[in-house]
Amino acid sequence: MASDRPRALSGIQPTSGSFHLGNYLGAIRQYVALQETHDAFYMVVDLHAITMPQDPKDLRANTRLSAAQLLAAGLDPERCTLFIQSHVPEHAQLGWVMNCITGFGEASRMTQFKDKSAKSGANNATVGLFTYPILQVADILLYQADSVPVGEDQRQHIELTRDLAERFNQRFGDTFTLPAAHIVKEVAKIYDLQDPAIKMSKSASSPKGLINLLDEPKVTEKKIKSAVTDTEAVIRFDTENKPGVSNLLTIYSTLTGESIPALEAAYEGKGYGALKTDLAGVMVDFVTPFKQRTQEYLDDPETLDSLLAKGAEKARAVAAETLAQTYDRLGFLPAKH
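None of these values were measured; they are calculated from a predicted model. Position numbers for residues start from 1 in each chain and track the written sequence from start to end. At least 70 in pLDDT is required for a residue's local features to be given in this predicted model, at least 80 for side-chain atom pairs to be given and counted, and no such filter applies to totals for whole chains, interfaces and linings, which use all residues. Computation of side-chain values covers all heavy atoms of the structure but excludes hydrogens and water.

Asker: Looking at this structure, I do not really get the environment of Tyr 297. What am I missing?
Answerer: In this description a helix means any DSSP run of H or I spanning at least four residues, a strand means any run of E spanning at least two, and both kinds are numbered starting from the N terminus. Counting through the fold element by element, Tyr 297 comes out in helix H12 (residues 272-298). With 57 residues separating them along the chain, Tyr 297 and Glu 240 place their C-alpha atoms 42 Å apart. Ignoring any residue separated from it by four or fewer positions in sequence, one finds Tyr 297 in contact with Ala 68, Leu 71, Ala 72, Leu 304 and Leu 307. In what follows, a contact means two residues having at least one pair of non-hydrogen atoms within 4.5 Å.

Asker: Looking at this model, I keep getting lost on the UniProt feature "binding site: L-tryptophan" (unreviewed entry) in the chain. Mind explaining?
Answerer: UniProt positions are given in the numbering used here, feature names are shortened, and annotations may be inferred rather than shown by experiment. When the UniProt feature table is mapped onto this chain, "binding site: L-tryptophan" (unreviewed entry) is found at Asp 139. Of note, Asp 139 is situated in helix H7 (residues 127-141). On the basis of relative accessibility, which here comes to 2%, the residue Asp 139 falls in the buried class. The contacts of Asp 139, once residues within four sequence positions are left out, are Leu 9, Met 43, His 48, Gln 85 and His 91. Here a polar contact means two N or O atoms within 3.5 Å. Within protein one must be a hydrogen donor candidate and the other an acceptor candidate, and residues neighboring in sequence count only if both atoms are side-chain atoms. Among the polar contacts made by the side chain of Asp 139, one reaches the side chain of His 91 at a distance of 2.7 Å. Residue burial is assigned from relative accessible area. The probe radius is 1.4 Å, only protein chains are included, and a residue is buried under 20% of its type maximum, exposed over 50%, and partly exposed in between.

Asker: Any chance you could explain the domain arrangement of the chain here in plain terms?
Answerer: When the parts of a complex come together, some accessible area is lost, and that lost area is often taken as the interface size. Segmentation into domains, and thus their bounds, comes from an automatic or database assignment. Under the domain assignment, the chain is made up of domain 1 (7-187 + 301-330) and domain 2 (217-294). Computed over C-alpha atoms, the centres of domain 1 and domain 2 are 33 Å apart. In this assembly, nine residues from domain 1 lie in contact with eight residues from domain 2. Buried area: the accessible area, evaluated with a 1.4 Å probe, that two parts lose upon being put together, summed over both parts. Regarding the contact of domain 1 and domain 2, the summed buried area is about 760 Å², with carbon and sulfur atoms giving 77% of it. Seen at the junction of domain 1 and domain 2, the total is two residue pairs in polar contact (both at pLDDT 80 or more). Elements with a contribution of two residues or more to the side of domain 1 that touches domain 2: helix H1 (21-37) and helix H3 (56-72). For this classification, the nonpolar set comprises Ala, Val, Leu, Ile, Met, Phe, Trp, Tyr, Cys and Pro, the charged set comprises Asp, Glu, Lys and Arg, and every other residue, Gly included, is treated as polar. A class-by-class count of the residues in the side of domain 1 that touches domain 2 yields seven nonpolar, one polar and one charged.

Asker: What is the right way to read the packing of aromatic side chains from this model?
Answerer: Centre distance and the angle of the planes are the two values used to describe a pair of aromatic rings. Centres within 6.5 Å make a pair out of two Phe, Tyr or Trp rings, where for Trp the six-membered ring is used; the pair is then stacked when the planes are under 30 degrees apart, edge-to-face when over 60, and tilted otherwise. Using the criterion set out here, one finds ten aromatic pairs in the structure. When the centroid spacing of 4.9 Å and the interplanar angle of 45° are considered together, the rings of Tyr 24 and Phe 286 count as tilted. Here Tyr 24, found in helix H1, pairs with Phe 286, found in helix H12; they are 262 residues apart in sequence, far enough to count as distant. Take Tyr 24 and Phe 286: they sit in the same class, and that class is buried.

Below, the structure is given as structure tokens:
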């Protein structure tokens, strides 16, 4: 699909089962908006998932589930390219090329490897975990992406991508687009409902602090109603002194589009119970159709797999061209067909 729009690329891990509210508001909502302005490529990054041990049956189910949730959230295969990373073998092929121009010291400075290997111990960390940022570089360069929607914590990955693209271009001739990080400044950070000092995440949050989008609506309602607040009973946005209340106001504002000052005014003189009851209603109105749409895709695996196959075909058309040019610049002997 030729396009004069700038190209955006992003990927999401299939390891989590249900997406949570932080995933949706922090990343997926941006994906949906970008398909209106960009030639957008989105993938479920199953190759990245296996840097940590996976049960094959769970990985397969979670990959399909992630794709179904992306579609349920509003990705439209007519307006973007949605595919599974392992369906496009060029990712691994370009990943090897990028490994061969990356310095060992450069790779060891990547903070996420340090964090993840510290948790499991360096002796248990795989070479794949060490080099996955380089595969991520290949993911981006393969599509000649102009921008990559990422959180601030991923900025280092984009810098590595630019460094390696520049290095390759200088050594072998102009081949890769240098991408920019697309960091949406106004993206709301969503915190754990039980511990508003930490970001809502699968790895850090307790089950009660995490809003999973595929939870039963009653479970979501209960979690909102039992969210941690404070003893002051004044509904005011103040992240330092009232992190729990501020988190609830952020979620409310982000889901409804109402400004935080308007919400503060609406709840003046009302207790936390009123805010929680109304927010629980907003959340249930959001998760109920999301859960239903996801289930419709899962109930029709043939249609889902067919959409993903078409997405992979569109992705490969771009990826194969980049890889062929890369191989030619490197001096690889072309295969005769």
